[in-house]
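Read off the chains here:
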Amino acid sequence: MRTGKIRVLVGSTEKMGTGMNVQTRVIALHHLDAPWRPADITQREGRMLRQGNRYPEAFVFTYITDASPDGFIWQKLESKNASIEQFMFGMETQRELEIQRIPR
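What counts, and where the lines are drawn
- Residues numbered from 1 in each chain as written.
- Predicted model: local features only at pLDDT ≥ 70, side-chain atom pairs only at ≥ 80, totals over all residues.
- Heavy atoms only, no water.
- Helix = DSSP H or I, 4+ residues; strand = E, 2+ residues; numbered from the N terminus.
- Buried < 20%, exposed > 50% of the residue type's maximum accessible area, 1.4 Å probe, protein only.
- Areas by Shrake-Rupley, 256 points an atom, 1.4 Å probe, with all protein chains shown as cover.
- Right-handed = clockwise from strand over helix to strand, strands pointing away.
- Patch = residues over 30% accessible without salt bridge, like charges linked within 9 Å, V, L, I, M, F, W, Y side chains within 5 Å.
- Salt bridge = Lys/Arg side-chain N within 4 Å of Asp/Glu carboxyl O.
- Contact = heavy atoms within 4.5 Å.

## Thoughts on the overall build of the protein
Of regular secondary structure, the protein possesses 2 helices and 2 strands. For the protein, the α and β elements follow one another from N to C terminus as β-α-β-α. Within the protein, buried positions represent 23% of all 104 residues. For the protein, the accessible surface area stands at approximately 8900 Å², while carbon and sulfur atoms represent 53% of it.

Rendered as structure tokens:
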């Protein structure tokens, strides 16, 4: 992939995770399914949105099938990500976040 001999690479979030260095030639990412965690989206898109990419722009395509759970899952991911960002960056909201510690 990095030498330009392979033009299409297909892989799962797990298989193309940490240690996969293909960012120099990636111009597009196609989400064929919805992961369960917002961090998985960041991981996927992090494969191409890095320094050293030869292309000044990169494109992300998301495919959602009508009348399937895909749309619901993507909405849930968006909601989860918004809650996480609000917590991480200290944004004030009307929601409350309660953290419970589990005794060991």
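## Notes on the pairing of strand S1 (residues 28-31)
Where burial is concerned, the two faces of S1 differ: the one with Leu29 and His31 is buried and the one with Ala28 and His30 is not. Remark: the S1/helix H1 (residues 38-46)/strand S2 (residues 59-62) crossover connection has right-handed handedness.

## Notes on a nonpolar patch on the surface
Where nonpolar side chains cluster on the molecular surface, the patch consists of Ile27, Leu32, Tyr55, Phe59, Phe61 and Tyr63 and spans about 580 Å² of accessible area. By relative accessible area, which is 37% here, Phe61 ends up partly exposed.

## Topic: unusual backbone geometry
As a rule of thumb, non-glycine residues mostly have phi less than zero, and peptide bonds are mostly trans rather than cis. Its identity as a non-glycine residue notwithstanding, Ala67 has a phi of 55 degrees, on the positive side. Relative to the assigned elements, Ala67 resides in the loop between S2 and helix H2 (70-88).

## Examining the environment of Ala34
For Ala34, the location among the structural elements is in the loop between S1 and H1. Each C-alpha atom, one on Ala34 and one on Tyr63, is 9.0 Å from the other, the two residues being 29 residues apart in sequence. Once residues lying within four places of it in the same chain are set aside, the contact partners of Ala34 are Ile73, Trp74 and Leu77.

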